[in-house]
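One-letter residues, chain by chain:
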Amino acid sequence: MTQSAAASPYRLHQDLVAGVVVFLVALPLCLGIALASGAPLFSGIVAGILGGLMVGLLSGSHTSVSGPAAGLTAVVALEIEKLGSFEAFLFAVTIAGAIQIVLGLLRAGNLSAFFPTSVIHGLLAAIGVILVLKQIPHLLGRDADPAGSLTFLQPDERNTFTELLHLWGEIHEGAIVVGLISLGLMIVSQWKPLKGSLVPMPLVVVLAGAGLKLWFDRLGGEWLIQSSHLVQVPVAGSVREFVGFLAFPDFTQWTNPAAYMAAITVAIVASLETLLNLEAVDKLDPQRRQSPPNRELLAQGVGNVTAGLCGGLPMTSVIVRSSVNVLAGGRTKLATVIHGGLLLVCVALFPTQLNHIPLSCLAAILLYTGYKLANPDLFRKMWSQGRYQFAPFAITLVAIVLTDLLTGVLIGLGVSLAFILHSNLRRPIQRVVEKHASGEVVHLQLANQVSFLNRASLSQTLRNTPPGSHLLIDAVHSDYIDPDILSLVREYKQEIAPAFGVEVSLRGFRSSYQLEDEIRYVDYSTRELQSKSSPAQVLRFLHEGNERFRTGRHLEYDFRRQRHAAAHGQHPLAVVLSCVDSRMPAEIVFDLGLGDIFCIRIAGNIVGPKILGSMEYGCSVAGAKVVLAIGHTQCGAVSSSVQLAAATARGEPIDPLLASCNHLGEVVEEINHSIAGRIDDFHRRSGDRERAAFVDQVARRNVQRTVAEIYARSRTLRGLVDADRIAIVGAMYDVTTGHIEFLLPDSYGSNLLEDLADVVAKSPVVGGP
């Protein structure tokens, strides 16, 4: 049996469980939303059934559940009052559905991509907070507010908070016992032994609640749970009476302009709420699937046309039912369809039995769902992402709690837009002060889109450029630059910058902007820079370049321009003798450009006649100011030399791969000078870590010996050192951390030692003792 086949029954069970749970939650919500909207109770049930069966099948979402929406209650109540009858409103719902179909065909659902994540998370958290606050009264037996109401201002002229202040005189003993037991069962369901239970805990809660209700009926008195604290599904005495619950649209309204205005209002609000909820549900989906928004608008449009024709409330994707679905384990649209089928069957065949379910046990399920949506981890996560994420999140949350879903989300979107504009106004560019070999360059990198809104802050940034500095305005990554910005750049370059001695360089501007690339600062070695730099200054350039490499703050080099410049001559600042090892390319670890240094690479960074000749040419002819011999940790050449020396000392066979290298002996012979007399120390070291430390010590001594050999064997270089024209310095590079430690020799009497010592003192120790 394949894995997918084996998983199929499990998924079916998950969707079945989720469908049952969503049905239990949706039933009172459908009735409550209809009550809060001033519509017939059965219209909420019709919308719930169509949302599950029809929209559930047509939708491309795996986890979204549609039905009558709490966010539409105020709109529905107002439009019914304006049109004068529910039947007239049904005509508007039918037209609204048709408008949604057109919006789907026009791909208006793509607007959902512009909803900020912070607002979506604020919506989820707000729904969680509202569920907790709104369900506490129902949990304790106060059911004055309709179960589906999520608005701050309630029909009983109280609000979400004042409702809590009036609880204690109005709670019901039987309902509160059912509610607290139900909540306890929901909490207990998270214990590990119960998590894999085949029977969903919400179903257990509902059955327990109904059982307690029947028991309290026998006790009577204050324990008796009245119908006002129970689900109240309309009960039909016959099929004809059941069909009579349905209402039908008044098509005479086709000449009434107010009906079309109501249709447009419902279509826009329902579509916006659907797209918002769809984005939010996708955030909850454990499999992170993306629902097609345009297909969702089409599905909702078909559903609302049918709802208008059959007497149902307008519907949207509903965040409360959808989040219950996800948290109950729903993974495919089958759960949505099951919930719609159960609504149809149970309302038609078992309405009396459904009316034994206490609202307090359903409130426990919703309250627990609310806590899961607004759990502290979400707040910590949003806080950790900084104020530009947390502020819109928090404001959206508070706004939804204090108003309603749609108003709160619009406020959140407005705040997010304000933050985006504020950020864009203040940061149209990235300003970096780069330390080049020739001095500091203020690098202004323009954003991808630079609009007229950025003019004020860019003007201020330009005017704050220090007098006498080099300024590079970089448009390489810009796709669009507003004409106002181009005018500002021209004015600054031609009039303002010369007055303050600022040299302006341009890069990346399109030819149509009439601002040609012009590089006036130098980020590569020139004869002038070379002649003015002392050995100590060159060593400082190398040290600062390694710090940039180590911390990831590389300079921006225009290698194409450098290539053309280097074609006319080369003026290296240093000659670097490094190992052939691939982990330490000198230009990269020192963050240098083309032509800044001469590189000599050889296994073990040893010295020989040809290498000395190259160094002499680099310093005496080409003008380099520093000779740097640099080794590194975990050096393969040094390690091989140590292994050969250890094997030879003990008469052990030599590694065949090393023995096959015909010319390796010359390298080993040079490195052996740094091993001589210490091989016994290597044999005494048992662990790999200790032996690796020994190899690093040999590599360090090898560098120091190479420096001494260069000075001793080259009369030309020795003369330049003695004349304070160059310095010969060693270094060790840590391949793990990227640090370079400079090793200053004291074997020659150079007057430069004091200047060099200040730079060397800033370099970290590499390798350890």
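Since we're looking at a predicted model, the values are computed, not measured. (Residues numbered from 1 in each chain as written. Predicted model: local features only at pLDDT ≥ 70, side-chain atom pairs only at ≥ 80, totals over all residues. Heavy atoms only, no water.)

Student: For this particular structure, what's the right way to read unusual backbone geometry?
Tutor: Glycine aside, negative phi is the norm for most residues, and most peptide bonds take the trans geometry. One non-glycine residue, Arg107, lies in positive phi territory at about 60 degrees. On the secondary structure map, Arg107 appears in the loop between α4 (86–105) and α5 (117–139). Unusually for a residue other than glycine, Gln634 sits at a positive phi of about 55 degrees. Within the secondary structure, Gln634 sits in the loop between β11 (626–632) and α27 (636–650). Overall, Gln634 belongs to the partly exposed group, its relative accessible area being 46%. (Helix = DSSP H or I, 4+ residues; strand = E, 2+ residues; numbered from the N terminus. Buried < 20%, exposed > 50% of the residue type's maximum accessible area, 1.4 Å probe, protein only.)

Student: Looking at this structure, how should I read the pattern of salt bridges?
Tutor: Two side chains that carry opposite charge are able to pair once their charged atoms sit near each other. Counted under the stated rule, the structure contains 12 salt bridges. For Asp474, the salt bridge identified is with Arg507, shortest N-O distance 3.0 Å. A residue pair is termed long-range when its members are at least 10 positions apart, and Asp474 in strand β6 (residues 470–474) and Arg507 in strand β8 (residues 503–507) qualify at 33 residues. Take Asp474 and Arg507: they sit in the same class, and that class is buried. For Arg550, the salt bridge is made with Glu547, and the minimal N-O distance between the two is 2.7 Å. In this pair, Arg550 and Glu547 both sit in helix α23 (residues 535–551), 3 residues apart, roughly one turn of the helix. (Salt bridge = Lys/Arg side-chain N within 4 Å of Asp/Glu carboxyl O.)

Student: Mind showing me how you'd approach helix α13 (residues 319–327) here?
Tutor: Burial runs high along α13: 8 of the 9 residues are buried. Within the span of α13, buried status applies to Ile319, Val320, Arg321, Ser322, Ser323, Val324, Asn325 and Val326. Looking one or two places after α13, you find Gly329, whose phi comes out positive at around 105 degrees.

Student: Explain helix α16 (residues 359–373) here, please?
Tutor: Because an α-helix packs 3.6 residues into every turn, residues spaced three or four apart end up facing the same way. With 15 residues, α16 extends 21 Å from end C-alpha to end C-alpha; this agrees with the ideal 21 Å at 1.5 Å per step. Counting buried positions over the 15 residues of α16 gives 13, a clear majority of the element. (Expected span 1.5 Å × (residues − 1).)

Student: Teacher, can you tell me more about the confidence of the model for the protein chain here?
Tutor: Residue-level pLDDT values for the protein chain average 85, and 89% of them are 70 or greater. Here residues 1–7 is a poorly scored stretch, pLDDT under 50, and it has 1 contact once near neighbours within four places are set aside; other chains count. (pLDDT = per-residue confidence, 0-100. Contact = heavy atoms within 4.5 Å.)

Student: I keep staring at the packing of aromatic side chains and nothing clicks. Help me out?
Tutor: The geometry of an aromatic ring pair is captured by two quantities: the separation of the ring centres and the angle between the planes. Summed over the entire model, instances satisfying the criterion amount to 13 aromatic pairs. Note on Phe242 and Phe245: the rings are 6.3 Å apart at their centroids and 70 degrees apart in plane angle, and the pair reads as edge-to-face. Plain terms: the ring middles of Phe390 and Phe393 are 5.9 Å apart, the flat faces sit at 45 degrees to each other, and that makes the pair tilted. Note that Phe390 and Phe393 are positioned in helix α18 (residues 387–402) at a spacing of 3 residues, about one turn of the helix. In this structure an aromatic cluster arises from ring pairing among Phe379, Trp383, Phe390 and Phe393. (Phe/Tyr/Trp six-rings, centres within 6.5 Å; stacked < 30°, edge-to-face > 60°.)

Student: Would you take a moment to explain the pairing of β11 for this structure?
Tutor: In regular strands, side chains alternate between the two faces of the sheet. Where burial is concerned, most of β11 is hidden: 7 out of the 7 residues are buried. Where strand β9 (residues 574–578) meets β11, 5 bridges bridge the pair, whose relative direction is parallel. Bridge pairing in β11 links Val575 to Val627. Pairing geometry for β11 and strand β12 (residues 727–733), over 7 bridges, is parallel. The partner of Gly631 across the bridge, within β12, is Met732. (Pairing = 2+ DSSP bridges.)

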